[in-house]
Amino acid sequence: MSALAFTADREERFRKLLLKYEIRQSALLPVLRLAQEQFGYLSREVMNFIATKMDLPPAHVYEVVSFYVLFHKTNPGKYCLQVCNNITCTMLGAEDLVKVIKEDLKIGPNQLTEDKTFSYMPVQCLGSCDTAPVVQVNEDYYENQTPETFRKLLAKLRSA
Ligand code: FES
């Protein structure tokens, strides 16, 4: 039995999600989002917890989590910086933003700063090419970034 548990509020949301789908397994994606919201990322322990709660084979949960980039498998820290590395963003300066991450935060792709404040994840097109280059920080988009605006953003996040 897992030592993990949803908060009372999330347990309620979990139950509602199960009722929403005819086939229990169909609720897996929103349930995983719920788990990530609470635990920050989907560790092996969290995935096992969800597999038990949903009465699914753990291997099925691992497969789904590994397929979707929106699920964090390791601690993303307080702020997960997702920098688009697709063609438009690259042509308009995304590589300069990655350079800022490398130089100022001293981390590379899929790494976390020592203080666990920032992680960096290269991602494919974020669907906002007309405002490239784009960085997604957790759930929020920051568009038309330059090294200067990006440095300001990092400073603001750090002091928040
Ligand atoms: S290429 Fe970066 S948002 Fe589409």
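Fair warning: this is a prediction, and the values are worked out from it, not measured in the lab.

**So, the environment of Phe71**
Move 1: Positionally, Phe71 belongs in the loop between α4 (58-67) and β1 (79-84).
Move 2: Measuring from C-alpha to C-alpha, the distance between Phe71 and Asp55 comes to 20 Å, with 16 residues separating the pair along the chain.
Move 3: Beyond its immediate chain neighbours, meaning those up to four positions away, Phe71 contacts Leu29, Leu32, Arg33, Gln36, Leu42, Val64 and Val65.

**A closer look at the side chain of Glu11**
Move 1: Here Glu11 shows up in helix α1 (residues 8-20).
Move 2: Apart from residues no more than four positions distant in its own chain, Glu11 is found in contact with Phe6 and Lys53.

**Let's talk about the pattern of salt bridges**
Move 1: Per the stated rule, a full pass over the model turns up ten salt bridges.
Move 2: For Glu11, the salt bridge is made with Lys53, and the minimal N-O distance between the two is 2.9 Å. Of this pair, Glu11 sits in helix α1 while Lys53 sits in helix α3 (residues 44-54), and the two are 42 residues apart along the sequence.
Move 3: Judged by relative accessible area, Glu11 falls into the buried class, the value being 17%.
Move 4: Exposure remark for Lys53: the relative accessible area of 22% places this residue in the partly exposed category.
Move 5: A single network of salt bridges, built from pairs that share partners, joins Asp9, Arg10, Arg13 and Glu37.

Calculation criteria
- Residues numbered from 1 in each chain as written.
- Predicted model: local features only at pLDDT ≥ 70, side-chain atom pairs only at ≥ 80, totals over all residues.
- Heavy atoms only, no water.
- Helix = DSSP H or I, 4+ residues; strand = E, 2+ residues; numbered from the N terminus.
- Contact = heavy atoms within 4.5 Å.
- Salt bridge = Lys/Arg side-chain N within 4 Å of Asp/Glu carboxyl O.
- Buried < 20%, exposed > 50% of the residue type's maximum accessible area, 1.4 Å probe, protein only.

So far we have only geometry, and geometry alone does not tell us how the molecule works.
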